[in-house]
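Each chain is listed here by its residues.
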Amino acid sequence: DPDHIHEELELENLDFSSYNLDWLARVPRWRDYYVSHDQTPHYAYMKNVIKAVQWLRKRNTGVNKIRWILKSPQHMEQLLPLHRTFPDATLAINHRDPAQVITSILTMLAYGDRLRRYDVDIDGLKAYWIDRVKRLLTACVRDRDSLPGNQVIDVLFSEFMSDDVAMVARIYEVAGIGMPHSAREDLQRYMQANPRGKYGQIIYDLEGDFGVSSAQLRQEFSFYTDRFPVLS
């Protein structure tokens, strides 16, 4: 609903775009329509909506936000439209083991399908999303080096998890933002108070639940792991 926007890509729904519908239903015809179009005009629409939100915020609160922070995995397959729309942006691209990504996606969506479908189509679910993630990462590998090197940082998930605050500091540095000592302390306190697994953990079993081995997936995605060392 309008009061619960999770990622900025949902603003593109108003312009009949984004891959958001992929997550809500099994819609291959929508996927094919979406990927067949240059997304630059839809990113421009999203930017205008955010500008309107900023204007409303300033009018209602007197606060004028001067820096936007956007976040969506969709951008990995739309790096060029993203850069054309936000040419001065700093891009932090998060890279993770594709087998872990697909395990997380399939588990989450299978849980959801238990609520919204009469039957959970495991084979259809895994076929759709292995292909969907492959399309996304293929585009990322294709377009990554077309971006200005001084505006991009590749964030390996393993490095982020080993020292998250240090990685945030590196992103600040690339973005040309000074990180005050007080901000670093605030981050450290927050991370210490909210460790991973604080509220429990989901048990993931890619092979047991979906009949797919991690080794098989990593072989299939070697084009990506050869480019970004997410397995090291």
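Not measured: the values here are computed from a predicted model.

Under the criterion given, the structure shown has seven aromatic pairs. Centroid distance Y224 to F228: 5.4 Å. Interplanar angle 50°. Geometry classified as tilted. Judged by its relative accessible area of 2%, F228 is buried. Aromatic ring contacts, followed pair by pair, group Y19, W23, Y128 and W129 into a single cluster. Residue placement shows R96 over the ring face of F157; its charged tip is 4.1 Å from the ring centre. The side chain of K134 reaches across the aromatic face of F221, ending 5.9 Å from its centre.

As a further point, take empty space enclosed by the protein. Here the structure, examined in full by the defined rule, presents one cavity of 30 Å³ or more. In this structure, the largest cavity encloses a volume near 70 Å³. Around the largest cavity, the lining residues are D22, W23, L24, A25, R26, L109, D113, R116, R117, L125 and W129. Within the residue set of the lining of the largest cavity, elements represented by two or more residues are α1 (20-24), α5 (98-116) and α6 (122-143). A class-by-class count of the residues in the lining of the largest cavity yields six nonpolar, no polar and five charged.

About the criteria used
Residues numbered from 1 in each chain as written. Predicted model: local features only at pLDDT ≥ 70, side-chain atom pairs only at ≥ 80, totals over all residues. Heavy atoms only, no water. Phe/Tyr/Trp six-rings, centres within 6.5 Å; stacked < 30°, edge-to-face > 60°. Buried < 20%, exposed > 50% of the residue type's maximum accessible area, 1.4 Å probe, protein only. Lys NZ or Arg CZ within 6 Å of the ring centre and 35° of its normal. 1 Å grid on protein atoms, 1.4 Å probe; cavity = no way out; pocket = protein on both sides within 12 Å on 5 of 7 lines; lining within 4 Å. Points joined across faces, edges and corners; volume = space filled by probe spheres on them. Helix = DSSP H or I, 4+ residues; strand = E, 2+ residues; numbered from the N terminus. Nonpolar A, V, L, I, M, F, W, Y, C, P; charged D, E, K, R; others polar.

Geometry only, nothing functional implied.
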